Number of protein chains: 2
Amino acid sequence: MFVRIATERSPRPNSLRDFGMTCSSNTIVSLSEFTYKKGTEVYGEKEPAEYVYQVKVGAVRSYKLLTDGRRQIGAFHLPGDIFGLENDGAHRFTAEAIIDTTVHLIKRQSLEMVAKSDVMVAKNLFRMTTANLHHAEDHMLLLGRKTSLERVAAFLLEMDKRLTAAGVIALPMSRRDIADYLGLTLETVSRALSRLHELGVLGFVGNTQRQIVLQDRAKLASLDLQS
Amino acid sequence: MFVRIATERSPRPNSLRDFGMTCSSNTIVSLSEFTYKKGTEVYGEKEPAEYVYQVKVGAVRSYKLLTDGRRQIGAFHLPGDIFGLENDGAHRFTAEAIIDTTVHLIKRQSLEMVAKSDVMVAKNLFRMTTANLHHAEDHMLLLGRKTSLERVAAFLLEMDKRLTAAGVIALPMSRRDIADYLGLTLETVSRALSRLHELGVLGFVGNTQRQIVLQDRAKLASLDLQS
DNA sequence: CCTGGCGATTGATTTCAATCAACGAAAGAC
DNA sequence: GTCTTTCGTTGATTGAAATCAATCGCCAGG
């Protein structure tokens, strides 16, 4: 679980741009790439945070478990997303590859070193933390006060914004994952999706139930109440 | 609602220490004090964030509303707590005084100016945002996956840590506030507290139900599952 | 090819918390 | 001080989602 064979790549790291790295601060930062097989752990809760990750291809779930196995997924990480960024030393979630996933790894220490000298990078680390906070704040409202249909509608709208290619939402995660993200059971998620299908809000592509086309975004948005 | 008559105070700001202000960076920062009457708004959601606040005495609730009135309280701010800190310009919550509350106000702009030159201050702003993030992450687990009894137990343990004076938890907020923080109804909160009373976990002080003594912290902790 | 397992849907039933309702006690208003 | 309102508790009932259960279809593996 803890073995990470990081393939070193040639010079000129490129995804560091996402941290706002300027041309002047071309410090050598160890940047590598790694692929996790479907279902494998990227890191565990409370483990020391050695790396920061960026999804290249694939999808990752971040979750917390209660001792009896109840699971709450805090976020899904999709291509382009940076995750595992911890201000203090330890990870707050367990992260797992939902499907085969390739990530860029940046050594946390080296990133922090760069941040010390490069104000732009430091600012962007702050911005990312703030974005995570905003997501969590919105999600508290969803988990505390929204109905099952509202939650599923909100989920679809979020995914629509984040991973639509050619008008199709290709979900990498199972109904159980969605349920654990929304604080529901998989059956309730399934029923809500069926209901939205009946209502003409969405359609399924082909014979898989993980490819969804939104047919009425306005109606979907009206089902999720605004803050 | 928007009138804020800020009483300017004499030199030598003192609560700026909580931002990690060093002696060297004794820049003049406008620091004032203001009192909000019970039930009044400190700021509204989406309002531009002009000030950062620190509770001197009293208590504040931060919440989001759905259009139909459902409310989710994201946090309670108790004496010593800093709130209203926004990285970008606008507030994410509405903040209201739960009881008469006196706050220190710091102009956001001046704080940011100090942060630019004082690394210590900047670091502390980051640390505070991270602490808020951690709280929200833990609260997602509570809202998504815990039972009513577990939520109330967790709430009591949180308050015990934060505002116990002489072994008594003097709650400033109503049952409805607690309910809206925990994603429950006030009746469910009341029943859970009664149940904990029956179980000998807590007692009520005097003839008010807002003063609680924990009589069995171990049992209470066992009722709230660990992450 | 068959077979076993997983994922998803759908139906039947249960359950926990919400809702509806009544009451008593404390806090504010005048 | 009295009146009114708000707050909290408790009981009865309802209801939305959870749980239990069956079935179907799709892969993956032998």
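Scroll up for the structure.
Residues numbered from 1 in each chain as written. Chains lettered and ligands numbered in written order. Predicted model: local features only at pLDDT ≥ 70, side-chain atom pairs only at ≥ 80, totals over all residues. Heavy atoms only, no water.

Q: Any chance you could explain the overall build of chain A here in plain terms?
A: Within chain A, the secondary structure is distributed over six helices and 13 strands. Counting every position in chain A, which comprises 227 residues, the buried fraction comes to 52%. Considering only intrachain contacts with a sequence separation of at least 6, the fraction spanning at least 24 residues in chain A is 72%. Total accessible area computed for chain A in this model is approximately 10,600 Å², and 54% of it derives from carbon and sulfur atoms. (Helix = DSSP H or I, 4+ residues; strand = E, 2+ residues; numbered from the N terminus. Buried < 20%, exposed > 50% of the residue type's maximum accessible area, 1.4 Å probe, protein only. Contact = heavy atoms within 4.5 Å. Areas by Shrake-Rupley, 256 points an atom, 1.4 Å probe, with all protein chains shown as cover.)

Q: Looking at this structure, I do not really get helix H4 (residues 175-182) of chain B. What am I missing?
A: Residue and element names in this part refer to chain B. In terms of burial, H4 is largely enclosed, as seven of its eight residues are buried. When H4 is considered as a whole, its buried residues turn out to be Arg-175, Asp-177, Ile-178, Ala-179, Asp-180, Tyr-181 and Leu-182. Positive backbone phi, at 70°, marks Gly-183, one or two positions downstream of H4.

Q: Can you walk me through helix H2 (residues 119-145) of chain B in this structure?
A: Residues lying three or four places apart along an α-helix face the same way, a consequence of the helix completing one turn every 3.6 residues. The terminal C-alpha atoms of H2(B), which comprises 27 residues, lie 39 Å apart, in line with the 39 Å expected from a rise of 1.5 Å per residue. Among the residues of H2(B), the N-terminal cap falls to B:Asp118, whose side-chain oxygen and the backbone nitrogen of B:Met120 are separated by 2.9 Å. (Expected span 1.5 Å × (residues − 1). Polar contact = N/O pair within 3.5 Å; in protein donor to acceptor, adjacent residues only side chain to side chain.)

Q: Just checking my understanding: could you explain the pattern of salt bridges for this structure?
A: When charged atoms on two side chains of opposite charge get close, those side chains can pair. According to the stated counting rule, one finds 34 salt bridges over all chains in the structure shown. A:Arg217 is the partner of A:Asp160 in a salt bridge, and the nearest nitrogen-oxygen pair spans 2.7 Å. With A:Asp160 in helix H3 (residues 148-163) and A:Arg217 in helix H6 (residues 217-223), this residue pair connects regions lying 57 residues apart in the sequence. Salt bridges linked by common partners bring A:Arg61, A:Arg71, A:Glu96, A:Asp177, A:Asp180 and B:Arg145 together as one network. (Salt bridge = Lys/Arg side-chain N within 4 Å of Asp/Glu carboxyl O.)

Q: Could you clarify how one ought to interpret the pairing of strand S13 (residues 211-214) of chain A in this entry?
A: Consecutive side chains along a regular strand alternate between the two faces of the sheet. All names here are of chain A. The two faces of S13 differ: Ile-212 and Leu-214 on one face are buried, but Gln-211 and Val-213 on the other face are not. With three bridges connecting them, strand S11 (residues 168-170) and S13 associate as antiparallel partners. Across the sheet, residue Ile-169 finds its bridge partner in S13, namely Ile-212. Counting the residues that bridge the hairpin from strand S12 (residues 202-204) to S13 gives six residues, and of these Gly-206 lies at a positive phi of roughly 60°. (Pairing = 2+ DSSP bridges.)

Q: Please explain the relation of the copies chain B and chain A as it appears in this structure.
A: Each of the two copies of the chain can be brought onto the other by a rotation about an axis and a shift along it. Each copy of the sequence occupies a distinct position, and chain B is placed on chain A by a rotation of 180° and an axial shift of 0.0 Å, giving an RMSD of 0.0 Å. Put plainly, the chains are arranged around a two-fold axis. The residues that chain B uses at the interface reappear at the interface of chain A in 98% of cases, marking a shared surface. (Least-squares fit on C-alpha atoms with pLDDT ≥ 70 in both.)

Q: Could you clarify how one ought to interpret the interface of chain B and chain A in this entry?
A: Often the size quoted for an interface is simply the accessible area lost on bringing the parts together. Contact with chain B, which involves 43 residues of that partner, is made by 42 residues of chain A. Contact between chain B and chain A buries roughly 3,900 Å² in total, counting both sides, with carbon and sulfur atoms accounting for 61%. Interface area lost by chain B to chain A is led by B:Phe126, B:Met140 and B:Arg145, which between them contribute 20%. If you look at where chain B meets chain A, you find six salt bridges. Residues B:Arg145 and A:Asp180 are paired through a salt bridge, measuring 2.8 Å at the closest nitrogen-oxygen approach. Seen at the junction of chain B and chain A, the total is 22 residue pairs in polar contact (both at pLDDT 80 or more). (Buried area = accessible area lost by both parts, 1.4 Å probe.)

Q: I would appreciate a short explanation of unusual backbone geometry in the present structure.
A: Residues other than glycine predominantly adopt negative phi, and peptide bonds predominantly adopt the trans conformation. Residues and elements named next belong to chain B. Positive phi outside glycine occurs at Lys-46, with the angle close to 75°. Mapped onto the elements, Lys-46 comes out in the loop between strand S3 (41-43) and strand S4 (51-57). Look at Ala-166: it is not a glycine, yet its phi comes out positive at around 55°. Looking at the element boundaries, Ala-166 is found in the loop between strand S10 (164-165) and strand S11 (168-170). You can call Ala-166 exposed: its relative accessible area is 81%.

Q: Honestly, the side chain of A:Thr129 in this entry has me stumped. Any pointers?
A: Along the chain, A:Thr129 turns up in helix H2 (residues 119-145). Every residue in contact with A:Thr129, bar those within four places of it in the chain, is listed here: A:Leu85, B:Phe126, B:Thr129, B:Thr130 and B:Leu133.

Q: Could you clarify how one ought to interpret the protein's contact with DNA strand D in this entry?
A: Around DNA strand D, the structure places 18 residues, and the nearest of them are A:Thr188, B:Arg175, B:Ser190, B:Ser194 and B:Arg210. The contact atoms of DNA strand D, taken as those within 4 Å of the protein, divide so that sugar and phosphate hold 62%. Note that a phosphate oxygen of DNA strand D is positioned 2.9 Å from one of the backbone N or O atoms of A:Ser148. With respect to DNA strand D, the side chain of A:Thr185 contributes an N or O atom lying 3.0 Å from a phosphate oxygen. Ranked by the residues each element gives to the surface near DNA strand D, the list is headed by helix H5 (residues 186-198) of chain B, at five residues. Looking at the surface near DNA strand D residue by residue, the class counts come to two nonpolar, ten polar and six charged. (Near = heavy atom within 4 Å. Nonpolar A, V, L, I, M, F, W, Y, C, P; charged D, E, K, R; others polar.)

Q: It is not clear to me how the packing of aromatic side chains should be interpreted in this structure. Could you clarify?
A: Describing an aromatic ring pair means giving the distance of the ring centres and the angle of the ring planes. Using the criterion set out here, one finds 17 aromatic pairs over all chains in the structure. Here the aromatic rings of B:Phe34 and B:Tyr36 are separated by 4.7 Å at their centres, their planes lie at 75°, and the arrangement is edge-to-face. Assessed through its relative accessible area of 4%, B:Tyr36 is described here as buried. Sitting above the plane of the A:Phe93 ring, A:Lys64 keeps its charged end 4.9 Å from the centroid. It is A:Arg71 that lies over the ring of A:Tyr63; its NZ or CZ is 5.5 Å from the centre. (Phe/Tyr/Trp six-rings, centres within 6.5 Å; stacked < 30°, edge-to-face > 60°. Lys NZ or Arg CZ within 6 Å of the ring centre and 35° of its normal.)

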